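Chain by chain, the residues run as shown.
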Amino acid sequence: MIDFSTSNGGLFGSLRRVFDTGKAILKNRVELAGLELKEEKSRLVSAAIWAGAFLFSTIMAVIAIALTLLFFFWEQKLYVAIGLLAFCLIGAITTFLLVRHRCKTPLPFAETIAQFKKDRAWLQDSNWIG
């Protein structure tokens, strides 16, 4: 009787090495995806905290400026209110543009996707996939 588990040569040995290699590649890719998921989660939590702090500080500053200006220029309150509105609109547009630019960062899991594409290209070049 032939013991296939200890055989290093032949068809079964080759199939076992191919299976082990495939298993190692898959394990590597899953670990990479997990690491990228952890980094993405950390980045999103940090961005949310900073966005909240920025929003709170900005609202408080705008309220304080508005009340101060309205108090000092009570006779021209309509012009002050229009100026404050213009200031807030410019701030909102600027913030929107900055957030949109920040959202154009590389796709999450970009490295994992790139590795899967390389693996697929290699397998197609090696005639493993039709």
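Just above, that's the structure.
**Q** Whenever I open this one, the overall build of the chain confuses me. Can you help?
**A** A count of helical and extended segments in the chain gives 3 helices and 0 strands. In the chain, the succession of helices and strands from N to C terminus is α-α-α. Counting only residues that meet the buried cut, the chain has 8% of its 130 residues in that class. Long-range contacts, defined here as pairs at least 24 residues apart, represent 64% of the contacts in the chain between residues at least 6 apart.

**Q** Honestly, the side chain of Glu-36 in this entry has me stumped. Any pointers?
**A** You can see Glu-36 is positioned in helix α1 (residues 10-72). With no salt bridge to any partner, buried Glu-36 finds its closest opposite charge in Arg-29, at an N-O distance of 10 Å.

**Q** Would you explain helix α3 (residues 110-125) in this entry?
**A** Because the α-helix completes a turn every 3.6 residues, residues three or four places apart line up on one side. Along its 16 residues, α3 runs 22 Å from first to last C-alpha, staying within 8% of the 22 Å computed at 1.5 Å per residue. Listing the buried residues of α3 in full gives Thr-112, Gln-115 and Asp-119. In a view along the axis of α3, the buried residues occupy a sector of 65°, so they form one face of it. Facing away from the buried side of α3 by more than 90 degrees, the exposed set consists of Lys-117, Lys-118 and Asp-125. On its buried face, α3 is in contact with α1.

Conventions used here
Residues numbered from 1 in each chain as written. Predicted model: local features only at pLDDT ≥ 70, side-chain atom pairs only at ≥ 80, totals over all residues. Heavy atoms only, no water. Helix = DSSP H or I, 4+ residues; strand = E, 2+ residues; numbered from the N terminus. Buried < 20%, exposed > 50% of the residue type's maximum accessible area, 1.4 Å probe, protein only. Contact = heavy atoms within 4.5 Å. Lys, Arg positive; Asp, Glu negative; His and termini not counted. Salt bridge = Lys/Arg side-chain N within 4 Å of Asp/Glu carboxyl O. Expected span 1.5 Å × (residues − 1). Arc of directions from axis to C-beta.

Function-wise, these values are silent; they only describe arrangement.
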